[in-house]
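Per-entry structural report
The residues making up each chain are set out below.
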Amino acid sequence: RMKYFTRLRVKRIYEWRGAPIGFNRKLKTSEYGSLSIRVEGFPQTTVIRAGQHILIEGDDDDNPYVARVLRLFADGRGAQKKAVVQWFVRVSEVPPSKLKLLGRSPHPQEVFFYEGRSCEDEVNAESVLRPVQVTNAAQLHSKTHMLTLTKRLNEKNYLLFSQMNLLDGQLSSDEDEEEEEFVPSRKELQSSDEEEEEDEELAAKKSRRSSSSHTKQKTRTPKKTPRKVSVSPVLVQLELHVPKFPAAGQATRSDPSCSSFLSAPLRLHVSAVPESLPCREQEFQDIYSFVESKVLDGTGGCMYVSGVPGTGKTATVQEVMRCLQLAAEQDEIPPFVYVQINGMKMTDPHQAYAQILQKLTGQKATADHAAALLEKRFSNPAPRKETTVLLVDELDLLWTRKQNVMYNLFDWPTRRHARLVVLAIANTMDLPERILINRVASRLGLTRMSFQPYSFKQLQQIVTSRLNKLKAFEDDALQLVSRKVAALSGDARRCLDICRRATEICERSAAGLVGMSHVMEALDEMFSSPYVAAIRSTSTQEQLFLRAVIAEFRRLGLEEATFQQVLVQHQALCRVEGLQPVGVSEGLAVCRRLGACRLLLLEPSRLGVLQRLWLNVSQDDVLFALKAD
Amino acid sequence: MSKRKAKDAHLPIGECISQVHQILRKRFCHQQLPVKPEGVEAQHKHLAELLKRTAVHGESNSVLIVGPRGAGKTMLLKSVLRELSQETEVQKNLLQVHLNGLLQTDDRIALKEITRQLQLENVVGDKVFGSFAENLTFLLDALKKGDRSSSRPVLFVLDEFDLFAQHKNQTLLYNLFDVSQSAQAPVAVVGLTCRLDVLELLEKRVKSRFSHRQMHLLSKLTFPQYLERIRDQLSLPDDFPDGKFAQEWNAGVTTLCEDKSAEEVLQRYFNSSTDFRSLHTLLMLCLSRVSVARPSITPADLLDASRFCLADANANMLHGLSILELCLIIAMKHLNDVYEGEPFNLQMVHNEFKKFLQRKSNSMYNFEQPVIMKAFEHLQQLELIQPADGASDKTQREFQLMRLMLDHSQIMEAMQKYPQCPTDVKQWATSAFA
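Every value quoted in this text rests on a predicted model; they were computed, and no experiment measured them.

**Some details on the overall build of chain A**
A count of helical and extended segments in chain A gives 26 helices and 20 strands. A buried classification covers 54% of the 629 residues belonging to chain A. Excluding contacts between residues fewer than 6 apart, the proportion of contacts in chain A whose partners are at least 24 apart in sequence is 69%. For chain A, the accessible surface area stands at approximately 28800 Å², while carbon and sulfur atoms represent 51% of it.

Set out below in structure tokens:
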């Protein structure tokens, strides 16, 4: 600050160049094409035009704010010169904790697109210092937005623009050769993207503004007042959770003929992992800070994560680990080893030892030997030991009678020299209380986190964020799906699957948007009980047999009968219907066919006529199905 | 011209008949797929689209085809695959793995089979084959390394899908579905099953990973359509070498289908089961009777064949019993009537038999205990009687509790047809009181 006052301030003179190009009657503002800046005592003038990047006076004279001029106008009677700008943030303005999520070391001269809305975008034109050259990294080095123009960047007047793509860690670590191959298609992609967006803009300029999140170059109206700007973590966090395209979605977009429908199912595919996970911000933060603190302190610990299937447990933890690994690469936190095992992906709980050892050291060993080696590794001090983070997915599968695998997994972190962090994932919230014996549950500790099933609003958000700007669903339709799934299970996979199926149905019927009818059809396909339809499609004798079963149940007052008993009823029914009564063999064949598709439950067939049978459908369903015939 | 000539050429009748046998047998034994899907066009299109997306675009998918036995699940899949294999892009891309729940009874075997069918044995290394655990890790790694754009898609067909759900922890299903729902090598998992409750068999994690796409093959056939299909099945194709014979044959088939008694037989068949597999058995029997001397299928053939097919197996077995064995069966029937289905032992049966001898018999004599015992054992071997549950092997044989595995109607039917059955035995069987 002191520097600010001691330094000699130069006086700059601002003048409009040319006549106003437009006049807004309502606001009484007149718009100008360009502005000239002249420093007092110097002959040369610089000209600022809309679309140019500029530096704006701020707190720090060495690092003035960066922005792009969108519009220049004069207020009222031309007394005040104003500019509408799009802000950029410098590396130094981004809080370090967020910056490490970028996944690479940013160039000091790099700027990021600023999308927060809490900064005034209208500035006094007289705070403009000078124009600056900003190169879009994305255009030059499409895949990673990495800057390679180090030479030019050494000059002060060059800045490099890159999208705030902080969660995009995977892409940036790719090899160069591969990227070169990708460049042409990606360029094509970008241009087609922009065209598409422009069209959309024309159509729905106003409504789009607030919702568009993808095209950062195009989004306007972030607000930032130059004098009091500081990018608070909250702002950046907003930006972090803006979903981007799933990688898989991007690949198809390079296909020029692709309509919105070709890509919508792909974006909705469960495998298309989005770069950020909406609706799990809090959990992300909690797990992140837990692991981060353990890694920083060099201690160990356990965390138990629970939640029903499809609530994003594994995805969130993996996301955390990816971010932490990036942080470690940039020396923000000490390096650590990350090992992941899955109870479902091994043949025997004891294989866990072997898998952990192999992933840690590359060593192959039998389960017993591996257990001994790991025991040694985690109990003895070693110089320059790194923290190990172990993710144990589907923990309940590691259950053994003596529970020694689980015991060891949770005991090691408590050792003094272990430096082991264990993240255990399972479905049931009370797993430790239910199946773990006390000494294991005690070691697991109380750091628990439970992932609640998604609510319908969250499911809606997940689908919308995956679809991004693509308008493929009618609002009602999407709401129906998410409400239905939220009521059933809150499983995001299910929601995405239904949406994907609905888009397919819609595509087939060549309708524009996925509407209620398509969604209903998809829901019907997936959730409707097949029993009634199945009963209707059975043969006459099979239907008679079912009727005989019900008749016999009523006679006995029981929900169970032997085949022999039912056969008597069946033969009687045949006579009533005027059909030739079935023999025992034929009757048994009918019975077995019904048993095979589980309309009936049967005892083993070696019992012949004595086998007992039960209905696997409610009697009402059977009667309903048969009556409607 | 020459073609026409060939068509009109008259082949010797024997040659024609053997050709007929060859063509129709191929159809009835399911060695030949029908030219186009019948009755399942919608499902065919859906499945073809789905598999094409995997094969061409590398989008992972999972689907279950559910339908009763003989509904044409495998046929549907096969005809879709046949259609797809005609596209070169698919043909050179798609790898197929076919598993059957009856063959791959646990995950270890299934895994070996997958590795074998993907021809990865050599990759696994010189040590013939690693442990189950190593195998699994290897395969998962292999699938994980792939991605949408560069890997060849793999189609997994799981026949008798429900049996895979019985494998320990459902490891295989979990992993297959997991691959299909994550950005790994593109896979399509197609499960075939006849169980309607198949989704309830899946463990919750596995279920969550399954896409819940189901195709139900339920027949909506009416009897006229059924008849139409039978006619198609029996008719000879246009390119049959002997045109005149084919014409005659087809005309014969048409009259057969219009015949009243034949229609009755078929109606009964249709009432019992609408699936074509059992029908093929019937038609196969008719076809085997076709010879040079009888160069067409008559309604009588159909009737005989249906009688043969619908015959009661157990009642047939009774025809071959000795009089003594038959008498024991009748005694058991009476015991069943008296004690309302409670199990009985040899001694009780023997007593019942002795009562009959004392009161009414004039044609039968008492037998020694060992002879009765032998007869009893023979019945047990034929599984006409079975030890009751909970009957331990330790009890003496004559006191071991048994149950009769026959229905009364079967016994009565057998009595009617039994050759030279003494009248007093017949009377004893029909009398309400022993």
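**Digging into the overall build of chain B**
In terms of regular secondary structure, chain B is built from 23 helices and seven strands. Relative to its length of 434 residues, chain B is extended, with a C-alpha radius of gyration of 30 Å against a globular reference of 22 Å. Across its three principal axes, chain B shows a C-alpha extent of roughly 90 × 65 × 40 Å. The contacts of chain B with a sequence gap of at least 6 include a subset with a gap of at least 24, amounting to 74%. When the accessible area of chain B is evaluated, it comes to approximately 21100 Å², of which 53% is carbon and sulfur surface. Put simply, chain B has 52 plus and 52 minus side-chain charges, and the middle of one group is 3 Å from the middle of the other.

**Remarks on the sheet that holds strand β1 (residues 12–17) of chain A**
Strands pair in a sheet through their backbones, by hydrogen bonds, and they do so in one of two ways: parallel or antiparallel. Residue and element names in this part refer to chain A. Read from one edge of the open sheet, three strands run β1-β4-β5, paired in antiparallel fashion. With one partner strand each, in any of the chains shown, β1 and β5 (45–49) form the two edges of the open sheet. Within the sheet, the average angular offset between the axes of one strand and its neighbour, ignoring direction, is 25°. Where β1 and strand β4 (residues 34–39) come together, six bridges link them in antiparallel fashion.

**Brief notes about the domain arrangement of chain B**
If you check the domain split of chain B, you get domain 1 (2–32 + 221–309), domain 2 (41–216) and domain 3 (315–430). Using C-alpha coordinates to define each centre, domain 1 of chain B is positioned 38 Å away from domain 2 of chain B.

**Things to note about the sheet that holds strand β20 (residues 612–615) of chain A**
All names here are of chain A. Strands sit in the order β18-β20-β19 across an open sheet of three strands; the sheet is antiparallel. Lying at the two open borders of the sheet, with one neighbouring strand each, are β18 (561–562) and β19 (600–602). In the packing of helix α23 (residues 540–556) onto the sheet, contacts are made with β18, β19 and β20, and the angle to β20 comes to roughly 100°.

**Let's talk about the interface of chain B and chain A**
Counting from both sides, the interface comprises 63 residues of chain B and, opposite them, 60 residues of chain A. For the chain B and chain A pair, buried surface summed over both sides reaches about 5200 Å², with 50% attributable to carbon and sulfur atoms. At the junction of chain B with chain A, the criterion picks out eight salt bridges. Inspection of the chain B/chain A interface yields 30 residue pairs in polar contact (both at pLDDT 80 or more). Elements that contribute at least two residues to the side of chain B that touches chain A include exactly α3 (41–57), α8 (132–145), α10 (171–180), α12 (204–209), β5 (214–216), α15 (260–272), β7 (402–404) and α22 (408–417) of chain B. For the side of chain B that touches chain A, the per-class residue count stands at 18 nonpolar, 24 polar and 21 charged.

**Digging into the pattern of salt bridges**
Oppositely charged side chains may form a pair once their charged atoms are brought near each other. On inspection of all chains with the given rule, the structure shows 44 salt bridges over all chains. Note that arginine 289 of chain B and aspartate 304 of chain B form a salt bridge whose closest N and O atoms lie 3.2 Å from each other. Remark: aspartate 304 of chain B occurs in helix α17 (residues 299–310) and arginine 289 of chain B occurs in the loop between α16 (276–288) and α17; sequence separation between them is 15 residues. When the shortest N-O distance is used, the salt bridge between arginine 307 of chain B and aspartate 304 of chain B registers 3.6 Å. Highlighted residues: arginine 307 of chain B and aspartate 304 of chain B, both in helix α17, separated by three residues, approximately one helical turn. A residue is classified by how much of its surface remains accessible, and aspartate 304 of chain B, at 30% relative accessible area, is partly exposed. Counted as one network, the salt bridges with shared partners bring together Asp491, Arg494, Asp497, Arg500, Arg501, Glu504 and Glu525 of chain A together with Arg53, Glu59 and Arg213 of chain B.

**Some points on helix α11 (residues 281–297) of chain A**
Residues and elements named next belong to chain A. Over its 17 residues, α11 runs 24 Å from end to end, which matches the ideal 24 Å to within 8%, given 1.5 Å per residue. Among the residues making up α11, those that are buried are Glu283, Phe284, Ile287, Tyr288, Phe290, Val291, Glu292 and Val295. Close packing links the buried residues of α11 with β13 (301–307), α12 (313–329), β14 (336–342), β15 (387–393), β16 (420–426) and β17 (448–451). In the segment just after α11, glycine 298 is the residue with positive phi, at about 70°.

**Quick look at the packing of α23 of chain A against helix α25 (residues 584–596) of chain A**
Residue and element names in this part refer to chain A. Two numbers describe how α23 lies on α25: the axes approach to 10 Å, and their chain directions differ by 85°. By the angle between their axes, α23 is roughly perpendicular relative to α25. Contacts from Gln541, Glu542, Phe545 and Leu546 of α23 reach α25 at Gly587, Val590, Cys591, Arg593 and Leu594. A class-by-class count of the residues in the contact of α23 with α25 yields five nonpolar, two polar and two charged.

**A word on the packing of α23 of chain A against helix α24 (residues 563–577) of chain A**
All names here are of chain A. Interhelical geometry of α23 versus α24 gives an angle of 120° and a closest axis separation of 8 Å. Classified by the interaxial angle, the pair formed by α23 and α24 is oblique. The crossing of α23 and α24 is right-handed. Of the residues in α24, those touching α23 at Gln541, Leu544, Phe545, Arg547, Ala548, Val549, Ala551, Glu552, Arg555 and Leu556 are Phe563, Gln565, Val566, Gln569, His570, Leu573, Cys574 and Glu577. Grouping the constituent residues of the contact of α23 with α24 by class yields ten nonpolar, four polar and four charged.

**Quick notes on the packing of aromatic side chains**
Residue and element names in this part refer to chain A. Applying the stated criterion across every chain yields a total of 15 aromatic pairs over all chains. The residue whose ring lies beneath arginine 439 is tyrosine 407, and the NZ or CZ to ring-centre distance is 5.2 Å. The ring of phenylalanine 456 carries arginine 483 above its face, with NZ or CZ at 3.7 Å from the centroid.

Rules behind the numbers
- Residues numbered from 1 in each chain as written.
- Chains lettered and ligands numbered in written order.
- Predicted model: local features only at pLDDT ≥ 70, side-chain atom pairs only at ≥ 80, totals over all residues.
- Heavy atoms only, no water.
- Helix = DSSP H or I, 4+ residues; strand = E, 2+ residues; numbered from the N terminus.
- Buried < 20%, exposed > 50% of the residue type's maximum accessible area, 1.4 Å probe, protein only.
- Contact = heavy atoms within 4.5 Å.
- Areas by Shrake-Rupley, 256 points an atom, 1.4 Å probe, with all protein chains shown as cover.
- Rg over C-alpha atoms; globule rule 2.2 N^0.38 Å.
- Lys, Arg positive; Asp, Glu negative; His and termini not counted.
- Charge placed at Lys NZ, Arg CZ, Asp CG, Glu CD.
- Pairing = 2+ DSSP bridges.
- Axes fitted to C-alpha atoms, helices over the stretch in contact; angles between N-to-C directions.
- Domains from an automatic or database assignment.
- Buried area = accessible area lost by both parts, 1.4 Å probe.
- Salt bridge = Lys/Arg side-chain N within 4 Å of Asp/Glu carboxyl O.
- Polar contact = N/O pair within 3.5 Å; in protein donor to acceptor, adjacent residues only side chain to side chain.
- Nonpolar A, V, L, I, M, F, W, Y, C, P; charged D, E, K, R; others polar.
- Expected span 1.5 Å × (residues − 1).
- Parallel < 35°, antiparallel > 145°, perpendicular 65-115°, else oblique.
- Left-handed = near helix turned anticlockwise from the far one by under 90°.
- Phe/Tyr/Trp six-rings, centres within 6.5 Å; stacked < 30°, edge-to-face > 60°.
- Lys NZ or Arg CZ within 6 Å of the ring centre and 35° of its normal.

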